[in-house]
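So the chains spell out like this:
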Amino acid sequence: MFGRLTALPADPILGLSIKYRADANPLKIDLGVGVYKNEAGDTTILNCVKKAEKYRLENELTKTYIGGAGSAKFNEQMTSLIFGDHQVISQNRVKTASTPGGTGALRVAAEFIARCKGGAKIWLSNPTWANHKGVFNAAGLDVQEYPYYDYENKTLDFDAMLNALKALSSDDFVLLHACCHNPSGMDLNNEQWQQVAQVAKDVGFTPLIDMAYQGFGDGLEEDAYGVRLMANTVNNMILCSSCSKNFGLYRERIGACTVIGETPATTEIAFSIVLGVARTIYSMPPAHGAALVETILSSDELRHEWFNELTEMRNRINGNRKIIVDKLAEKGVERDFGFIANQKGMFSFLGITPEQVQRLQEEFSIYMVGSSRMSIAGIAPSNVDYLAESIAKVL
Ligand code: LMR
(Lines give C-alpha, C1' and ligand atoms only; values in the text may rest on other atoms or scores of the structure.)
Protein backbone atom coordinates (compact mmCIF):
# COMPACT_ATOMS: atom_id res chain seq x y z
CA MET A 1 0.00 0.00 0.00
CA PHE A 2 2.59 2.60 1.04
CA GLY A 3 4.58 1.83 -2.10
CA ARG A 4 1.95 3.78 -4.07
CA LEU A 5 2.92 7.02 -2.37
CA THR A 6 5.24 9.72 -3.70
CA ALA A 7 7.34 11.62 -1.19
CA LEU A 8 6.53 15.29 -0.56
CA PRO A 9 9.30 17.91 -0.77
CA ALA A 10 10.54 19.43 2.51
CA ASP A 11 8.39 22.29 3.85
CA PRO A 12 9.66 25.56 2.28
CA ILE A 13 9.96 27.22 5.70
CA LEU A 14 10.49 24.46 8.30
CA GLY A 15 12.82 22.54 5.95
CA LEU A 16 15.28 25.46 6.12
CA SER A 17 15.86 24.97 9.85
CA ILE A 18 16.99 21.40 9.24
CA LYS A 19 19.48 22.52 6.58
CA TYR A 20 20.68 25.38 8.78
CA ARG A 21 21.32 23.10 11.75
CA ALA A 22 23.35 20.72 9.59
CA ASP A 23 25.55 23.53 8.19
CA ALA A 24 29.02 23.52 9.80
CA ASN A 25 30.00 27.04 8.64
CA PRO A 26 30.63 29.13 11.82
CA LEU A 27 29.49 32.25 9.94
CA LYS A 28 26.05 30.80 9.06
CA ILE A 29 23.00 33.05 9.53
CA ASP A 30 19.42 31.87 10.01
CA LEU A 31 16.89 34.25 8.45
CA GLY A 32 14.47 31.40 7.71
CA VAL A 33 11.71 30.33 10.07
CA GLY A 34 9.89 33.10 11.93
CA VAL A 35 11.16 32.78 15.48
CA TYR A 36 12.48 35.58 17.62
CA LYS A 37 16.20 35.48 18.38
CA ASN A 38 18.18 37.65 20.79
CA GLU A 39 21.50 39.28 19.88
CA ALA A 40 23.32 36.02 20.62
CA GLY A 41 21.07 34.21 18.13
CA ASP A 42 19.18 32.27 20.84
CA THR A 43 15.43 31.80 21.21
CA THR A 44 15.26 31.85 24.99
CA ILE A 45 12.20 31.33 27.20
CA LEU A 46 10.61 34.60 28.39
CA ASN A 47 11.16 35.32 32.12
CA CYS A 48 7.41 35.73 32.66
CA VAL A 49 6.89 32.28 31.11
CA LYS A 50 9.50 30.73 33.39
CA LYS A 51 7.73 32.22 36.42
CA ALA A 52 4.31 31.09 35.19
CA GLU A 53 5.70 27.56 34.70
CA LYS A 54 6.97 27.50 38.27
CA TYR A 55 3.58 28.64 39.51
CA ARG A 56 1.83 26.00 37.43
CA LEU A 57 4.12 23.23 38.62
CA GLU A 58 3.20 24.08 42.19
CA ASN A 59 -0.49 24.75 41.69
CA GLU A 60 -1.82 22.48 38.95
CA LEU A 61 -4.40 20.16 40.48
CA THR A 62 -5.43 17.76 37.75
CA LYS A 63 -4.60 16.37 34.33
CA THR A 64 -8.16 15.36 33.53
CA TYR A 65 -9.70 16.26 30.15
CA ILE A 66 -10.11 20.00 29.67
CA GLY A 67 -12.94 19.94 27.10
CA GLY A 68 -13.10 20.97 23.46
CA ALA A 69 -12.92 24.74 24.03
CA GLY A 70 -9.91 24.47 26.38
CA SER A 71 -9.58 26.71 29.43
CA ALA A 72 -12.45 29.19 29.81
CA LYS A 73 -10.16 31.63 31.59
CA PHE A 74 -7.58 31.55 28.80
CA ASN A 75 -10.33 32.07 26.22
CA GLU A 76 -11.66 35.05 28.14
CA GLN A 77 -8.20 36.59 28.57
CA MET A 78 -7.36 36.15 24.89
CA THR A 79 -10.67 37.70 23.85
CA SER A 80 -9.93 40.81 25.91
CA LEU A 81 -6.31 40.98 24.78
CA ILE A 82 -7.47 41.04 21.18
CA PHE A 83 -10.71 43.02 21.43
CA GLY A 84 -10.12 45.22 24.50
CA ASP A 85 -13.48 46.33 25.89
CA HIS A 86 -15.17 45.97 22.52
CA GLN A 87 -18.96 45.98 22.25
CA VAL A 88 -19.00 42.45 20.77
CA ILE A 89 -18.03 41.22 24.26
CA SER A 90 -20.82 43.05 26.12
CA GLN A 91 -23.25 42.04 23.36
CA ASN A 92 -22.35 38.33 23.84
CA ARG A 93 -21.52 38.04 20.16
CA VAL A 94 -18.01 36.63 20.53
CA LYS A 95 -16.87 33.10 21.48
CA THR A 96 -13.30 31.81 21.61
CA ALA A 97 -11.89 28.27 21.70
CA SER A 98 -8.24 27.42 22.43
CA THR A 99 -6.54 25.57 19.60
CA PRO A 100 -3.24 23.79 19.00
CA GLY A 101 -1.32 26.90 17.84
CA GLY A 102 -2.28 29.42 15.20
CA THR A 103 -2.15 26.76 12.50
CA GLY A 104 -4.66 24.67 14.49
CA ALA A 105 -6.91 27.75 14.69
CA LEU A 106 -6.69 28.21 10.93
CA ARG A 107 -7.47 24.56 10.26
CA VAL A 108 -10.51 24.73 12.56
CA ALA A 109 -11.59 27.95 10.78
CA ALA A 110 -11.15 26.24 7.40
CA GLU A 111 -13.37 23.31 8.44
CA PHE A 112 -15.87 25.74 9.97
CA ILE A 113 -16.04 27.62 6.65
CA ALA A 114 -16.58 24.30 4.85
CA ARG A 115 -19.57 23.68 7.17
CA CYS A 116 -20.94 27.17 6.35
CA LYS A 117 -20.62 26.47 2.62
CA GLY A 118 -18.89 23.39 1.23
CA GLY A 119 -16.17 24.33 -1.31
CA ALA A 120 -16.53 28.05 -0.48
CA LYS A 121 -14.08 30.47 -2.05
CA ILE A 122 -11.45 31.77 0.34
CA TRP A 123 -9.41 34.70 -0.93
CA LEU A 124 -5.79 34.98 0.24
CA SER A 125 -3.43 37.91 -0.26
CA ASN A 126 -0.81 37.48 -2.96
CA PRO A 127 1.61 36.68 -1.40
CA THR A 128 0.66 35.08 1.89
CA TRP A 129 2.14 32.68 4.47
CA ALA A 130 3.30 29.59 2.60
CA ASN A 131 1.10 27.24 4.65
CA HIS A 132 -2.21 29.12 4.24
CA LYS A 133 -3.02 27.56 0.89
CA GLY A 134 -2.42 24.02 2.13
CA VAL A 135 -4.56 24.53 5.24
CA PHE A 136 -7.58 25.77 3.27
CA ASN A 137 -7.14 23.24 0.48
CA ALA A 138 -7.14 20.48 3.09
CA ALA A 139 -10.70 21.50 4.06
CA GLY A 140 -11.80 21.34 0.42
CA LEU A 141 -12.11 25.12 0.02
CA ASP A 142 -11.61 26.88 -3.29
CA VAL A 143 -8.45 28.94 -2.69
CA GLN A 144 -8.19 32.18 -4.67
CA GLU A 145 -5.85 35.17 -4.49
CA TYR A 146 -6.32 38.93 -4.36
CA PRO A 147 -3.49 41.35 -5.28
CA TYR A 148 -1.58 42.67 -2.30
CA TYR A 149 2.16 43.33 -2.56
CA ASP A 150 3.64 45.43 -5.33
CA TYR A 151 7.00 43.67 -5.80
CA GLU A 152 8.35 46.33 -8.10
CA ASN A 153 7.71 49.32 -5.89
CA LYS A 154 8.05 47.35 -2.61
CA THR A 155 4.77 48.63 -1.30
CA LEU A 156 1.09 47.76 -1.02
CA ASP A 157 -0.94 47.52 -4.22
CA PHE A 158 -3.92 48.90 -2.36
CA ASP A 159 -6.06 50.01 -5.30
CA ALA A 160 -5.79 46.59 -6.93
CA MET A 161 -6.58 44.90 -3.59
CA LEU A 162 -9.64 47.03 -2.97
CA ASN A 163 -10.95 46.57 -6.52
CA ALA A 164 -10.57 42.80 -6.23
CA LEU A 165 -12.44 42.76 -2.91
CA LYS A 166 -15.25 44.89 -4.36
CA ALA A 167 -15.80 42.24 -7.04
CA LEU A 168 -16.42 39.40 -4.51
CA SER A 169 -19.77 38.00 -3.39
CA SER A 170 -21.45 37.59 -0.02
CA ASP A 171 -20.73 33.84 -0.22
CA ASP A 172 -16.98 34.47 -0.17
CA PHE A 173 -14.46 34.46 2.70
CA VAL A 174 -11.41 36.76 2.76
CA LEU A 175 -8.28 36.14 4.79
CA LEU A 176 -6.64 39.33 6.08
CA HIS A 177 -3.47 39.64 8.16
CA ALA A 178 -4.16 41.67 11.31
CA CYS A 179 -0.62 43.08 11.42
CA CYS A 180 2.97 42.18 10.48
CA HIS A 181 1.98 40.72 7.13
CA ASN A 182 3.74 37.40 6.58
CA PRO A 183 5.76 37.35 4.29
CA SER A 184 5.94 40.98 3.09
CA GLY A 185 5.92 43.06 6.31
CA MET A 186 3.61 45.44 4.42
CA ASP A 187 0.58 46.32 6.56
CA LEU A 188 -2.63 48.21 5.90
CA ASN A 189 -2.66 51.61 7.61
CA ASN A 190 -5.71 52.65 9.64
CA GLU A 191 -7.31 54.52 6.77
CA GLN A 192 -6.88 51.50 4.49
CA TRP A 193 -8.43 49.26 7.15
CA GLN A 194 -11.44 51.59 7.20
CA GLN A 195 -11.86 51.21 3.45
CA VAL A 196 -11.47 47.42 3.55
CA ALA A 197 -13.98 47.14 6.39
CA GLN A 198 -16.46 49.26 4.45
CA VAL A 199 -16.06 47.02 1.39
CA ALA A 200 -16.56 43.93 3.58
CA LYS A 201 -19.79 45.45 4.83
CA ASP A 202 -21.01 46.56 1.39
CA VAL A 203 -20.14 43.30 -0.37
CA GLY A 204 -21.06 41.10 2.59
CA PHE A 205 -18.10 38.72 2.40
CA THR A 206 -16.95 37.14 5.68
CA PRO A 207 -13.51 38.25 6.92
CA LEU A 208 -11.17 35.74 8.52
CA ILE A 209 -8.40 37.65 10.24
CA ASP A 210 -5.11 35.91 11.00
CA MET A 211 -3.42 37.51 14.01
CA ALA A 212 -0.18 35.69 14.64
CA TYR A 213 1.97 38.68 15.66
CA GLN A 214 0.00 40.94 18.01
CA GLY A 215 2.56 43.23 19.66
CA PHE A 216 5.28 42.76 17.05
CA GLY A 217 4.20 45.65 14.81
CA ASP A 218 3.50 48.91 16.65
CA GLY A 219 2.17 47.61 19.98
CA LEU A 220 -0.56 45.42 21.47
CA GLU A 221 -3.35 47.97 21.05
CA GLU A 222 -2.17 49.47 17.77
CA ASP A 223 -1.84 46.04 16.14
CA ALA A 224 -5.46 45.22 17.02
CA TYR A 225 -6.88 48.29 15.23
CA GLY A 226 -8.02 46.45 12.08
CA VAL A 227 -9.51 43.53 14.03
CA ARG A 228 -11.53 45.80 16.32
CA LEU A 229 -12.68 48.01 13.48
CA MET A 230 -13.79 45.03 11.40
CA ALA A 231 -15.70 43.61 14.39
CA ASN A 232 -17.50 46.96 14.64
CA THR A 233 -18.40 46.97 10.99
CA VAL A 234 -19.49 43.47 9.93
CA ASN A 235 -21.99 41.01 11.39
CA ASN A 236 -19.96 37.83 11.01
CA MET A 237 -16.23 37.37 11.37
CA ILE A 238 -13.64 34.72 12.25
CA LEU A 239 -10.36 35.42 14.00
CA CYS A 240 -7.37 33.09 14.37
CA SER A 241 -4.71 34.07 16.88
CA SER A 242 -1.45 32.61 18.12
CA CYS A 243 0.67 32.81 21.28
CA SER A 244 3.71 31.32 19.53
CA LYS A 245 5.47 34.60 18.84
CA ASN A 246 4.30 37.16 21.40
CA PHE A 247 4.64 34.73 24.33
CA GLY A 248 7.48 32.76 22.71
CA LEU A 249 5.46 29.56 23.23
CA TYR A 250 6.18 28.10 19.78
CA ARG A 251 6.41 24.42 20.68
CA GLU A 252 3.62 24.50 23.26
CA ARG A 253 1.16 24.95 20.37
CA ILE A 254 -1.30 27.43 21.78
CA GLY A 255 -3.60 29.71 19.80
CA ALA A 256 -7.29 30.43 19.53
CA CYS A 257 -10.17 30.44 17.08
CA THR A 258 -12.79 33.15 17.69
CA VAL A 259 -16.16 33.55 16.00
CA ILE A 260 -18.32 36.66 16.02
CA GLY A 261 -21.96 36.26 14.97
CA GLU A 262 -24.80 38.64 14.32
CA THR A 263 -26.68 37.77 17.53
CA PRO A 264 -25.81 35.82 20.71
CA ALA A 265 -27.92 32.93 19.41
CA THR A 266 -26.22 32.65 16.00
CA THR A 267 -22.84 33.01 17.73
CA GLU A 268 -23.67 30.05 20.02
CA ILE A 269 -24.64 27.96 17.00
CA ALA A 270 -21.46 28.89 15.13
CA PHE A 271 -19.40 28.04 18.23
CA SER A 272 -21.03 24.63 18.51
CA ILE A 273 -19.78 23.94 14.97
CA VAL A 274 -16.27 25.07 15.96
CA LEU A 275 -16.32 22.61 18.87
CA GLY A 276 -17.69 19.86 16.65
CA VAL A 277 -14.85 20.43 14.17
CA ALA A 278 -12.24 20.35 16.96
CA ARG A 279 -13.69 17.10 18.31
CA THR A 280 -13.15 15.33 15.00
CA ILE A 281 -9.60 16.59 14.48
CA TYR A 282 -7.90 16.59 17.88
CA SER A 283 -10.76 16.39 20.41
CA MET A 284 -9.39 19.08 22.70
CA PRO A 285 -6.45 21.48 22.76
CA PRO A 286 -3.22 21.12 24.77
CA ALA A 287 -3.51 22.82 28.16
CA HIS A 288 0.02 23.78 29.20
CA GLY A 289 0.58 26.84 26.99
CA ALA A 290 -2.90 28.16 27.73
CA ALA A 291 -2.28 27.83 31.47
CA LEU A 292 0.92 29.86 31.17
CA VAL A 293 -0.77 32.62 29.17
CA GLU A 294 -3.70 32.85 31.57
CA THR A 295 -1.34 32.94 34.56
CA ILE A 296 0.64 35.78 32.97
CA LEU A 297 -2.37 37.79 31.87
CA SER A 298 -4.16 37.50 35.18
CA SER A 299 -1.22 38.65 37.33
CA ASP A 300 -0.42 42.40 37.27
CA GLU A 301 3.24 41.66 37.92
CA LEU A 302 3.69 38.98 35.24
CA ARG A 303 1.60 40.90 32.74
CA HIS A 304 3.83 43.92 33.21
CA GLU A 305 6.94 41.80 32.80
CA TRP A 306 5.51 40.23 29.64
CA PHE A 307 4.67 43.68 28.23
CA ASN A 308 8.28 44.76 28.75
CA GLU A 309 9.72 41.58 27.24
CA LEU A 310 7.41 41.93 24.22
CA THR A 311 8.42 45.57 23.82
CA GLU A 312 12.07 44.56 23.89
CA MET A 313 11.51 41.95 21.15
CA ARG A 314 9.62 44.45 18.99
CA ASN A 315 12.23 47.16 19.46
CA ARG A 316 15.09 44.82 18.59
CA ILE A 317 13.41 43.75 15.35
CA ASN A 318 12.61 47.35 14.39
CA GLY A 319 16.20 48.31 15.21
CA ASN A 320 17.46 45.48 12.98
CA ARG A 321 15.41 46.84 10.11
CA LYS A 322 17.30 50.11 10.25
CA ILE A 323 20.68 48.46 10.87
CA ILE A 324 20.54 46.27 7.75
CA VAL A 325 19.41 49.19 5.55
CA ASP A 326 22.29 51.35 6.79
CA LYS A 327 24.80 48.52 6.55
CA LEU A 328 23.91 47.74 2.94
CA ALA A 329 24.44 51.41 2.04
CA GLU A 330 27.73 51.44 3.97
CA LYS A 331 28.96 48.44 1.96
CA GLY A 332 28.39 50.39 -1.25
CA VAL A 333 25.18 48.66 -2.39
CA GLU A 334 23.49 51.13 -4.73
CA ARG A 335 20.01 49.62 -4.68
CA ASP A 336 17.68 51.36 -2.23
CA PHE A 337 16.64 49.00 0.57
CA GLY A 338 15.00 51.78 2.62
CA PHE A 339 11.61 50.04 2.30
CA ILE A 340 12.75 47.40 4.84
CA ALA A 341 12.87 50.06 7.57
CA ASN A 342 9.25 51.06 6.87
CA GLN A 343 7.77 47.57 7.01
CA LYS A 344 6.50 45.81 10.12
CA GLY A 345 6.93 42.61 12.06
CA MET A 346 9.16 39.62 11.65
CA PHE A 347 9.57 39.58 7.84
CA SER A 348 10.41 41.50 4.68
CA PHE A 349 11.26 40.44 1.18
CA LEU A 350 14.84 41.34 0.34
CA GLY A 351 13.68 41.50 -3.28
CA ILE A 352 16.46 39.40 -4.84
CA THR A 353 16.04 36.51 -7.31
CA PRO A 354 15.65 32.84 -6.29
CA GLU A 355 19.10 32.24 -7.82
CA GLN A 356 20.61 34.92 -5.59
CA VAL A 357 18.83 33.40 -2.56
CA GLN A 358 20.36 30.05 -3.53
CA ARG A 359 23.83 31.58 -3.82
CA LEU A 360 23.50 33.16 -0.39
CA GLN A 361 22.72 29.73 1.00
CA GLU A 362 25.30 27.69 -0.89
CA GLU A 363 28.24 30.11 -0.92
CA PHE A 364 27.67 32.08 2.28
CA SER A 365 25.49 29.82 4.52
CA ILE A 366 22.81 32.51 4.78
CA TYR A 367 19.36 30.93 4.96
CA MET A 368 16.13 32.63 3.88
CA VAL A 369 12.95 31.43 2.14
CA GLY A 370 13.21 31.08 -1.68
CA SER A 371 10.95 34.10 -2.19
CA SER A 372 13.73 36.14 -0.46
CA ARG A 373 11.63 36.45 2.71
CA MET A 374 14.01 37.29 5.56
CA SER A 375 13.26 36.76 9.22
CA ILE A 376 14.58 40.09 10.50
CA ALA A 377 15.03 38.71 14.03
CA GLY A 378 17.98 36.63 12.80
CA ILE A 379 20.07 39.78 12.22
CA ALA A 380 22.52 40.68 15.01
CA PRO A 381 25.41 43.12 15.50
CA SER A 382 27.77 40.14 15.24
CA ASN A 383 26.54 39.02 11.79
CA VAL A 384 25.27 42.14 10.04
CA ASP A 385 28.61 43.04 8.39
CA TYR A 386 28.99 39.54 6.94
CA LEU A 387 25.32 39.58 5.88
CA ALA A 388 25.55 42.93 4.09
CA GLU A 389 28.86 42.00 2.42
CA SER A 390 27.41 38.67 1.21
CA ILE A 391 24.28 40.38 -0.16
CA ALA A 392 26.50 42.92 -1.92
CA LYS A 393 28.44 40.06 -3.51
CA VAL A 394 25.40 38.22 -4.89
CA LEU A 395 23.92 41.47 -6.18
C1 LMR B 1 6.92 31.31 9.66
O2 LMR B 1 6.19 31.82 8.81
O3 LMR B 1 8.15 31.19 9.52
C4 LMR B 1 6.32 30.82 10.95
O5 LMR B 1 4.98 31.16 11.00
C6 LMR B 1 6.58 29.38 11.22
C7 LMR B 1 5.81 28.45 10.34
O8 LMR B 1 5.13 27.57 10.90
O9 LMR B 1 5.87 28.55 9.12
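As a convention, each chain's residues are numbered from 1 in the sequence order in which they are written. It should be noted that, the model being predicted, local features are given only for residues of pLDDT at least 70 and side-chain atom pairs only at 80 or more, the latter also being counted only at that level, while totals for whole chains, interfaces and linings use all residues. Each side-chain value is worked out from all heavy atoms of the structure, with water and hydrogens disregarded.

Attention now goes to the packing of helix α8 (residues 190-203) against helix α9 (residues 225-233). Two elements in contact, α8 and α9, have axes whose closest approach is 9 Å; the angle formed by their N-to-C orientations is 30 degrees. By the angle between their axes, α8 is roughly parallel relative to α9. For the pair α8 and α9, the crossing hand works out as right-handed. Across the interface between the two elements, Asn190, Trp193, Gln194, Val196, Ala197, Gln198, Ala200 and Lys201 of α8 pack against Tyr225, Gly226, Leu229, Met230 and Thr233 of α9. Note on geometry: axes are C-alpha line fits, over the in-contact stretch for helices, and angles between N-to-C directions span 0 to 180 degrees. In DSSP terms, a helix is any run of H or I states spanning at least four residues, a strand is any run of E spanning at least two, and both are numbered starting from the N terminus. Every angle not falling under 35 degrees, over 145, or within 65 to 115 is termed oblique; those three ranges are roughly parallel, roughly antiparallel and roughly perpendicular. Left-handed is the label given to a crossing in which the near helix is rotated counterclockwise from the far helix by less than a right angle, and right-handed is the label when the rotation is clockwise. In what follows, residue pairs with any heavy atoms lying within 4.5 Å of each other are defined as contacts.

Attention now moves to the site of the ligand. Any residue with a heavy atom lying within 4 Å of a molecule or strand is counted as near it. The environment of the ligand is formed by Ile13, Val33, Gly34, Trp129, Asn182, Tyr213, Lys245, Phe347 and Arg373. N or O atoms within 3.5 Å of each other form a polar contact, as long as, within protein, one can give a hydrogen and the other can take it, and as long as residues adjacent in sequence are counted only when both atoms are side-chain atoms. Separating an oxygen atom of the ligand from a side-chain N or O atom of Arg373 is a distance of 2.8 Å. Put simply, Ala, Val, Leu, Ile, Met, Phe, Trp, Tyr, Cys and Pro go in the nonpolar bin, Asp, Glu, Lys and Arg in the charged bin, and everything else, Gly too, in the polar bin. A per-class count over the shell around the ligand returns five nonpolar, two polar and two charged.

When pLDDT drops low, the exact placement of atoms in the prediction is not to be read closely. The predicted model of the protein chain averages 97 in pLDDT, with 100% of residues at 70 or higher. The quantity known as pLDDT measures the predictor's confidence residue by residue, on a range of 0 to 100. Per-element averaging of pLDDT across the protein chain places helix α1 (residues 14-22) at the bottom with 94 and strand β7 (residues 173-177) at the top with 99.

On to the nonpolar core, then. Counting 133 residues, the largest nonpolar core has Ile122, Phe136, Leu208, Met230, Met237 and Trp306 as the members making the most contacts within it. Once residues lying within four places of it in the same chain are set aside, the contact partners of Trp306 are Leu46, Cys48, Leu81, Leu220, Asn246, Phe247, Ile296 and Leu297. Only buried Ala, Val, Leu, Ile, Met, Phe, Trp, Tyr and Cys residues count toward a nonpolar core, and they belong to the same one when joined by side-chain atoms within 4.5 Å. Buried residues are those whose accessible area, probed at 1.4 Å on protein chains only, stays under 20% of the maximum for their type, while exposed residues exceed 50% and partly exposed ones sit between those limits.

Turning our eyes to something else, we now look at the packing of helix α14 (residues 354-364) against helix α15 (residues 384-394). It is at 10 Å that the axes of α14 and α15 come closest, and there the two elements cross at 125 degrees. Judged on the interaxial angle alone, α15 and α14 are oblique. Where α14 crosses over α15, the two elements pack in a sense that is right-handed. Each of Gln356, Arg359, Leu360 and Phe364 in α14 lies in contact with α15, whose residues at this interface are Tyr386, Ser390, Ile391, Lys393 and Val394. Considering only residue class, the contact of α14 with α15 consists of five nonpolar, two polar and two charged.

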